[in-house]
Amino acid sequence: MTGTALDAATTELLAGSLRELLASVSAGGELGPALDALGWAEVLADDPATATTLLFTEHGRALVSSRALDDVLLAELDPALPPAAGSRALLYPHPAEGADPAPLDGPLWGVLLGPLHGVDEVVVPATAEGRTVLVTVAATDLAAAGGPATGFDLGSTWHTVAGPRPPGSGPPAPEAWTRAVAAGRRALAAEMIGVCESALTLATAHTTDRVQYGRPIASFQAVRHRLAEAYVAVTAARAVLDAAWTAAGGADGGGWAAAAAKLQAGRAQAQVMRHAVQVCGAMGLSQESELHRHVTRAAALDALLGGHMALAESAGAALLAGADVHPVVEL
Amino acid sequence: MSGEMDVFVAEVRRFLDANVTRQATSGTELEWGTGPDQIAYFSTDPPDVDAAKVAEARSWQRRRHEAGFGWITGPPEYGGRGLSTVHDLVYDGIEAEYEVPDTGVLSVIGLGMIGPTILAHAQGHIKDRYLPAMYSGEVIACQLFSEPGAGSDLASLATRAVRDGDGWVITGQKVWTSIAQHAHIGMALCRTDPDQPKHKGITAFLIDMSAPGVEVRPLRQMSGGADFNEVFLTDVRVPDDHRLGEVDDGWRVALTTLMNERATVGGEGAGPAARAVSLPFLTALLKANGRLEDAASRRRLAELVADLTATEYLNHQALRRMQAGRQPGPEASVSKLMYAQNLTRGAHFAAEIVGPRLIADTGEWGAYSWNELLLSTPALRILGGTEEIMKNILAERVLGLPKEPGIDTRSPFRELKRSGGTA
Amino acid sequence: MSETTTQSELDELRGSVREFLAAKSGEQQVRRLMESEGGYDDTVWRQMTEQLGLQSLALPTEHGGDGYGFVELRVVLEEMGRTLLPSPFLSTVVLAGSALMASGDAAAQAAHLPGIAGGKTTATLAVAEADGAWRTDGLATEAVRTDAGWRLRGEKCFVLDGATADLLLVVARTVAGPGLFAVTGDAGLTRTPLRTLDPTRRLARLTFTDTPAVPVGRTGSAGPIVDRVLDLATAALAAEQVGGARACLEASVAYARERVQFGRPIGSFQAVKHRCADMFTRVQLAASAAAEAANAIAGVEGAPPAGVAAAVAHVVCSEAFMFVAAENIQVHGGIGFTWEHPAHLYFRRAKSSQLLFGGPAVYHERLLDRMGV
Ligand SMILES: Cc1cc2nc3c(=O)[nH]c(=O)nc-3n(C[C@H](O)[C@H](O)[C@H](O)COP(=O)(O)OP(=O)(O)OC[C@H]3O[C@@H](n4cnc5c(N)ncnc54)[C@H](O)[C@@H]3O)c2cc1C
């Protein structure tokens, strides 16, 4: 880690600016230029842990859909790639396949976080002879194969890409890919935590305002205990994410700890959404309410780069196979 | 079984064999990957498909009615057959073996809840007018109870009905009204005396949904479809003979409806959701996904199937108790809680098996389609009395635990604290 | 027979068993027996026969029984589970009684069932070995035919009431496959009582050193016998579990009504109230499952196959009792965690019952197997 850690007051200030900035993005603005204007590159260099967590938490809170995650992964991949010929995007392994890139000799299948306009080239990770290679293809070659993702989270700008693989080759870069996935998982964990916080805020506000039997329903234990449990789940997820950042300097880029952070955040979102929907009653089930957008966004984020159930399963399998686990938290 | 029942069963089979086809797959065998893989609990169809299905439902109900099976337990003077609940259940059991249109739009609310209420509380000529029409599929009824300010605490409803000559004028807003877009009549609870305690000043009415001043606006559900609605009532005129029960005695009338509601929701056994959350379907799902030998999956399957089967046993025993002429116990509430819990667990289990293919449609059979059920299950824990309210009822009425202190049921409605609304 | 037993007769049976157990198996008596050597009260065992005829209730009339069936037995077992009655009833009547019935061996039945029915003989069935599995393949215990007759060699573990039973029915390997053998003497037999999680239910290790034994049923036929016994035993256990679970629910509800904190009965707090409602839901479900299993075994019209219903009941009642026993402690707070409070006795019984025939890993597979998966 290079710079100096951000102090609490600065962090608070930054969070406020980010919140405003992302509100403008969700109203139709562009994220990149707005971040540049804020001098984000410097903040990030100073304290990547705090900065990344802040940015993605707020990104999640605002339910913004952008290509910010690309920057996180590409920062790890760029050193292994030839110099960029313009602006780059990343093709993620299709959620149906977990976090492993599709085989190089098969067709293309993956997800882009946004449409391709303004993008010159796309980095397409693929698996060849058991290793990850990073193929770069021209954006124009992908255009035909892509279309808006049909699925669960209708509010996102995700695009699915499926079709024949355009020609192209690239360097093997398994370590870079591992580091990129770890970095991506930390960012996604933060983003899920943001979505959870925002859902919890909605649910708390609703149950405080909503009067039944002459009093706010939040005064009924059945309701307040659900909110308390949800809060505990988010807090635990945040603690594991912090620990994952401590491990990020390690040789593998803190892969284990990053997976644990994403797993915990994925579990938290499942629990938070279940409780939030229940305490909002029928209101929470209607599309008039913001809540369902949180439910679907959190589920979609959970699925990217390995869902919590798949991560738990692979962690379990690795442990049983005798994997050496670095404790996430040193006691 | 008695000879009389055998005759009935034979008659039912004759009718069904003559009119519809038997289901291709039955019992444990199931062919994975064929047929529709829709696993919806609520409709997610576009309006035109929805309308076509409603038309099919009505025409099937008409045929049932003509054959004498439209209202098996109803009194003959209103087009019923005058037979027992057991006959009704026997009919349902047999019909489930055939391919028949889903008549939920008629049966769940109109025939299951509002019909019995009309029978118990309406004047004679009103029963003549509506009951035969409802049970022959001509008239669809909806339930206008919930309001923005009155959900669990239904008795705090604020829609006003004011006497005007030989009728009433109704103004207010209802919400979450299922199938209002298809309904011809609605049963509305209205405040007629705000100076009485909240349970006391309520009166129930039957409203003509095409009357001036009735406006239905669809609400989209998180599961995608628009089954429920907001209903705005602005100076809607209702003749006094459309009143159900006495003036200011509507709470008692509403209880008739609600009792029938709990019985309806818990007792559901058929439908695509129940077909999907069942041993054959889930086993096929595991097999198709290469998880049938996986210990963790097997264990979750077994846990779920144990509860599903035990819930079935519970329902059978309730039925046998009724056959023996005994009072139903608290099974209906337990059954409703278990029903919601089982479907929810089943949907989440399936979600785990199909994994990310649940959230992005890869076109594979029996994968993405689970999302419809998954997104519907939260509603099962809310509609017809939320899980928390059901537990309050079980704990207070069955176990005799003390009531929540400080809940005001004595002050005049006018003085009560309410959400958003004006009392 | 069972079909003619009306609900009110069942209620009457329940009433008299409950009254009897209230007098003979109150908490004080249970605690005294927990400390005692044999683990049960001989006098009460005799009175169970003399006053109520419980041992003979579900045994066939030709062997001294009353010819009732599982529908009636379920009511008795529920009441026993309710008071945690320490007694060799499950081992004697259910395990050994049904093993003898399932063996089809008329001579063995004539030799042993009248003693069981008359409360004179206690008995048990020994299947599991060191790993605790109730299976009949891969057994280490073997039976060999000598000139002097059959002899047993090996060790059985987790034998219910094995330290005290007069008659031991033992499953052992033979050249013709697993067989069932009766041991009645003490020659070549060592009985070692085991320390148990649940002091109201005794388990023992039996060591056989050329122990004389008599074959029961055809040699090599123990597989299907044990299978059938397991259906009956898990259904019987389920009834006991329902009784225990109901006792926990009732204790929680009573306590929640009387204990006052923050100026009101704790039962008026939803956290407690809803816990009780959840307990009630699980108990109702368990009761349905146990009743259906009993009906199925008794062959009541319209009941599901016995193997399926028993497997369902074993899962649902094991889970329900465990859940309710744990929640009962939670509702009671600190006092529920004391040795003096009975809550832990139910907790112990719940866990020991859940694991008696192998536990979750086994009973889930068993259910799937019974359902053809
Ligand atoms: C799919 C669907 C269809 C419906 N169809 C109809 C219809 O056709 N007609 C109709 O009239 N209504 C209908 N409803 C409305 C339904 O009856 C209400 O949603 C329900 O009664 C709950 O009210 P609410 O949604 O306002 O939740 P609220 O009452 O606001 O409750 C919100 C949360 O607070 C909890 N809560 C409230 N009070 C208490 C308490 N005392 N103790 C503990 N917890 C409490 C609830 O359990 C819930 O978790 C439908 C609802 C759904 C979801």
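Residues numbered from 1 in each chain as written. Chains lettered and ligands numbered in written order. Predicted model: local features only at pLDDT ≥ 70, side-chain atom pairs only at ≥ 80, totals over all residues. Heavy atoms only, no water.

When its secondary structure is counted, chain A shows 12 helices and nine strands. The globule rule puts the C-alpha radius of gyration for 331 residues at 20 Å, and the 20 Å found for chain A is close to it. When the backbone C-alpha atoms are referred to their principal axes, chain A occupies close to 70 × 45 × 40 Å. Counting all 331 residues of chain A, 52% fall into the buried class. (Helix = DSSP H or I, 4+ residues; strand = E, 2+ residues; numbered from the N terminus. Rg over C-alpha atoms; globule rule 2.2 N^0.38 Å. Buried < 20%, exposed > 50% of the residue type's maximum accessible area, 1.4 Å probe, protein only.)

Our next topic: the overall build of chain B. Tallying secondary structure elements over chain B gives 12 helices and eight strands in all. Over its C-alpha trace chain B gives a radius of gyration of 22 Å, about what one expects of a compact globule, namely 22 Å for 423 residues. When the backbone C-alpha atoms are referred to their principal axes, chain B occupies close to 70 × 50 × 45 Å. Taken over 423 residues, chain B has a buried fraction of 53%. Of the side-chain charges in chain B, 43 are positive and 55 negative, and the distance between the mean point of each set is 4 Å. (Lys, Arg positive; Asp, Glu negative; His and termini not counted. Charge placed at Lys NZ, Arg CZ, Asp CG, Glu CD.)

So, on to the interface of chain A and chain B. Interfaces are often described in size by the accessible area the parts lose on coming together. Taken together, the contact between chain A and chain B spans 36 residues of the former and 41 residues of the latter. Here chain A packs against chain B, burying approximately 3,300 Å² in sum over the two surfaces, 59% of which is carbon and sulfur. For the pair chain A and chain B, the interface holds four salt bridges. For Arg 226 of chain A, the salt bridge is made with Glu 387 of chain B, and the minimal N-O distance between the two is 3.5 Å. Our count for the contact surface shared by chain A and chain B stands at 19 residue pairs in polar contact (both at pLDDT 80 or more). Mapped by element, the contributors of at least two residues to the side of chain A that touches chain B are strand 8 (211-212), strand 9 (215-216), helix 8 (221-246), helix 9 (255-279), helix 10 (281-285), helix 11 (291-303) and helix 12 (308-320) of chain A. Of the residues belonging to the side of chain A that touches chain B, the class tally is 18 nonpolar, 11 polar and seven charged. (Contact = heavy atoms within 4.5 Å. Buried area = accessible area lost by both parts, 1.4 Å probe. Salt bridge = Lys/Arg side-chain N within 4 Å of Asp/Glu carboxyl O. Polar contact = N/O pair within 3.5 Å; in protein donor to acceptor, adjacent residues only side chain to side chain. Nonpolar A, V, L, I, M, F, W, Y, C, P; charged D, E, K, R; others polar.)

The next thing to look at is the site of the ligand. Not every one of the 30 residues close to the ligand is listed here, only the nearest: Arg 210 and Gln 278 of chain A, Ser 152 and Thr 386 of chain B together with Gln 270 of chain C. The residues that come close to the ligand belong to more than one chain, namely chains A, B and C. Measuring from an oxygen atom of the ligand, one finds a backbone N or O atom of Gln 278 of chain A at 2.6 Å. Between Ser 178 of chain B and the ligand, the recorded distance is 2.7 Å, taken from a side-chain N or O atom to a nitrogen atom. For the ligand, the protein covers 94% of the area, taking 970 Å² as the surface of the free molecule. Those elements that place two or more of their residues in the shell around the ligand are helix 8, helix 9 and helix 10 of chain A together with strand 3 (167-178) and helix 12 (387-398) of chain B. (Near = heavy atom within 4 Å. Areas by Shrake-Rupley, 256 points an atom, 1.4 Å probe, with all protein chains shown as cover.)

Residue-level contacts link 40 residues of chain B with 40 residues of chain C. For the pairing of chain B and chain C, the buried interface totals around 3,400 Å² over both sides, and the portion due to carbon and sulfur atoms is 64%. One can count five salt bridges joining chain B with chain C. There are 11 residue pairs in polar contact (both at pLDDT 80 or more) connecting chain B and chain C. Elements supplying a minimum of two residues to the side of chain B that touches chain C: helix 8 (279-288), helix 9 (295-323), helix 10 (331-354) and helix 12 of chain B.

All names here are of chain A. The domain architecture assigned to chain A consists of domain 1 (82-172) and domain 2 (175-320). Distance between the C-alpha centres of domain 1 and domain 2: 27 Å. Where domain 1 abuts domain 2, roughly 1,200 Å² becomes buried across the two surfaces, and 76% of that area is made up of carbon and sulfur atoms. The interface formed by domain 1 and domain 2 includes zero salt bridges. On the surface where domain 1 and domain 2 come into contact, there are zero residue pairs in polar contact (both at pLDDT 80 or more). (Domains from an automatic or database assignment.)

Looking now at the sheet that holds strand 1 (residues 88-90) of chain A. Residues and elements named next belong to chain A. Read from one edge of the open sheet, three strands run 1-4-5, paired in mixed fashion. Looking at strand neighbours, the two that pair on one side only are strand 1 and strand 5 (131-138), the edges of this open sheet. On average, each strand axis in the sheet is tilted by 35° relative to the strand beside it, whichever way the strands run. Direction of pairing for strand 1 relative to strand 4 (residues 121-128): parallel, over a ladder of three bridges. When the bridges of strand 4 are listed, Arg 88 appears paired with Glu 121. Across the sheet, helix 5 (residues 68-77) touches strand 1, strand 4 and strand 5, and the angle it forms with strand 1 is around 100°. (Pairing = 2+ DSSP bridges. Axes fitted to C-alpha atoms, helices over the stretch in contact; angles between N-to-C directions.)

Moving on, we come to the nonpolar core. Ranked by internal contacts, the top residues of the largest apolar core, which has 156 residues, are Trp 370 of chain B together with Phe 89, Leu 125 and Leu 169 of chain C. Examining the composition of this core, we find that 20 residues originate from one element, helix 7 (residues 222-258) of chain C, more than from any other. Here Leu 169 of chain C is in contact with Ala 96, Ala 99, Leu 100, Thr 124, Leu 125, Ala 126, Leu 180, Phe 181, Ala 182 and Val 216 of chain C, once residues within four sequence places are set aside. If you look at the next biggest cluster of nonpolar residues, it comprises 86 residues, including Val 25, Ala 187, Ala 190 and Val 279 of chain A. (Core = buried A, V, L, I, M, F, W, Y, C linked by side-chain atoms within 4.5 Å.)

Residues and elements named next belong to chain A. Pairing in this open sheet of four strands is antiparallel, and the strands run 2-3-7-6 from one edge to the other. The sheet is open, and its two borders are formed by strand 2 (92-93) and strand 6 (146-148), each paired with just one other strand. Inspection of the sheet shows strand 3 (residues 108-112) paired to strand 7 (residues 159-163) by five bridges, in the antiparallel sense. Bridged to Leu 108 within strand 7 is Gly 163.

The subject of this paragraph is the pairing of strand 3 of chain A. Residues and elements named next belong to chain A. The element strand 3 is largely enclosed, with a buried count of four among its five residues. Where strand 2 lies against strand 3, two bridges are found, and the strand directions are antiparallel. Counted as the bridge partner of Tyr 92 is Val 111 from strand 3.

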